[in-house]
Amino acid sequence: MGFRDLVLFYVVTGISLRWIATAAGHGPSSLVIWLAGWLLLYVPLALSVIHLSSRFPAEGGFYVWVKKAFGERTGFLSAWMYWASNLPYFPGVLYFAASNILFLSPALRPYSQKPAFFMAFSVFILIGLTVLNILGLDLAKWAHNLGAIAMWVPTLIVIFLGIVSWRHFGSATPFTLHSFIPTARVQDMFFWSIVIFSFIGCESASLMGEEIKDTRRNIPPALLVAGFTVAICYMLGTFCVLLAIPSTESSNLDGLAQAIAHAALRLQIRGITEFGTFLIAISNIGAAGAYLAAAARLPFVAGLDGYLPAAFGKLHPRFKTPWVSILGQGLFGIFFVFLGQAGTSVGNAYILLASIAVLITMVPFALLFASMIRLQDRPRFPDDLHRDPAPIRTAPAPISKLTSLSPLTCTLLGSVGFCTAVFAIGLSLIPPIEEPHKLLYILKLIGSSMAFVVLGLFLFHFNRSQKR
């Protein structure tokens, strides 16, 4: 991937339009939470990735960094948890895509409360994305790029409709000084963890470090461009949704589509709802494909290191892709489609999948930030370990400053990011108020997370003994 592909990859993995709908449901105070999440997680994470990917560029990204900082077992566990976190992510993001597909025709709206439709849609798309990634990144990256481009258009549509609705009818949501103050209600605190979770993504491309052209030169500027894009899209998109519809009418699954449909109806603009919601669905499918491609490299590297069965470390003889790892990712994602839906409604299944993803994901991120602190006295990888055939040129001065941060700055960034990740883990354990079976919710949340930890440790020790 070159610089353009890298920027688009960071955009499609860093922005999820579904969180704009979730944020709008919490009113104007969500804008303050967005800004805090960007400052407390995205900025430390982006600078940590820039710094560490420059010092230790290799396939596997933070798996390599955590292993170097804390040893083989912790490195494997971080990679395993990150890989596992994508399993509930896939059905969650595809549920959101399916909810937007329903806006293409009034005849489809009765399916909004039918779990079978959401499950079938998610399974079908996961099968397609798995096959596409097995065929190769050169082909699969176009799905990622299309998803990034598709994300821009509905965002611009929401901004346009929000501003025009405000000009004609005034703001649908009252904006007062008091409304910008975040509250400590249970449902709002769960949203805080979602905001923190929504700003991950800038670590994703580093997992494919040896498949990026001139890693040390291209990653820093790509992350800078993507970082400001992510912040602007989240905050401006949420603000314009609040202009178009009252915050009480925005839901987790289809709030963004509701904003487009409501504004388009009031302004008597035909066809824009179907066009916008179709692109929202495409953007989320592209994001799922991008994460499937990135996360599948972790079992591949673990297979090469001997901590997973050797098959995970093998490339397809024709397509040169880690096909066993990609196939396993897709099959487990399908399993989570059925697991998340069991015993609950479509809306609560969506929230549960998001909570599982937050809980499992933040563990490896806490370890990544701890590695940022621990690795300050370790020598960087020599340039000859970087397999990019292109010569490594000297980066411009502003970029070189980001890749060689002082130990004090690295410690500060790592500490802020670590505390933010741990805070999100705690918030993710709070069940939503509308969940009728709170005990079942908590059991599925904690049980699925602990099952992955235990399974990961078992695989590590078993395969290490086989390796010895």
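For the structure, check the block above.
First, a word on scope: everything that follows refers to the structure included in this document.

So, how was this worked out
- Residues numbered from 1 in each chain as written.
- Predicted model: local features only at pLDDT ≥ 70, side-chain atom pairs only at ≥ 80, totals over all residues.
- Heavy atoms only, no water.
- Helix = DSSP H or I, 4+ residues; strand = E, 2+ residues; numbered from the N terminus.
- Expected span 1.5 Å × (residues − 1).
- Bend = angle between axes of the 7 residues up to and from the residue.
- Buried < 20%, exposed > 50% of the residue type's maximum accessible area, 1.4 Å probe, protein only.
- Phe/Tyr/Trp six-rings, centres within 6.5 Å; stacked < 30°, edge-to-face > 60°.
- Lys NZ or Arg CZ within 6 Å of the ring centre and 35° of its normal.
- Contact = heavy atoms within 4.5 Å.

**Considering helix α5 (residues 72-101)**
Here comes step 1: In this model α5 runs 44 Å from its N-terminal to its C-terminal C-alpha over 30 residues, within 8% of the 44 Å that 1.5 Å per residue would give.
Here comes step 2: The largest bend in α5 amounts to roughly 30 degrees and is located at P88.
Here comes step 3: Within α5, 26 of the 30 residues are buried, which leaves the element mostly enclosed by the surrounding structure.

**A short note on the packing of aromatic side chains**
Here comes step 1: Within this structure, the stated rule accounts for 21 aromatic pairs.
Here comes step 2: Ring geometry for W38 versus F228: centroids 5.9 Å apart, planes at 50 degrees, classification tilted. With W38 in helix α3 (residues 29-55) and F228 in helix α9 (residues 215-244), this residue pair connects regions lying 190 residues apart in the sequence.
Here comes step 3: With a centroid separation of 6.0 Å and 55 degrees between ring planes, the pair formed by Y82 and F365 is classed as tilted. A residue pair is termed long-range when its members are at least 10 positions apart, and Y82 in helix α5 and F365 in helix α14 (residues 346-374) qualify at 283 residues.
Here comes step 4: Above the face of the F103 ring, R109 is positioned so that its terminal group lies 4.1 Å from the ring centre.

**Quick notes on the environment of A259**
Here comes step 1: With respect to the helices and strands, A259 occurs in helix α10 (residues 255-267).
Here comes step 2: Between the C-alpha atoms of A259 and P246, which are 13 residues apart in sequence, the distance is 9.1 Å.
Here comes step 3: For A259, the residues in contact, after removing those within four places along its chain, are V241, A244 and I245.

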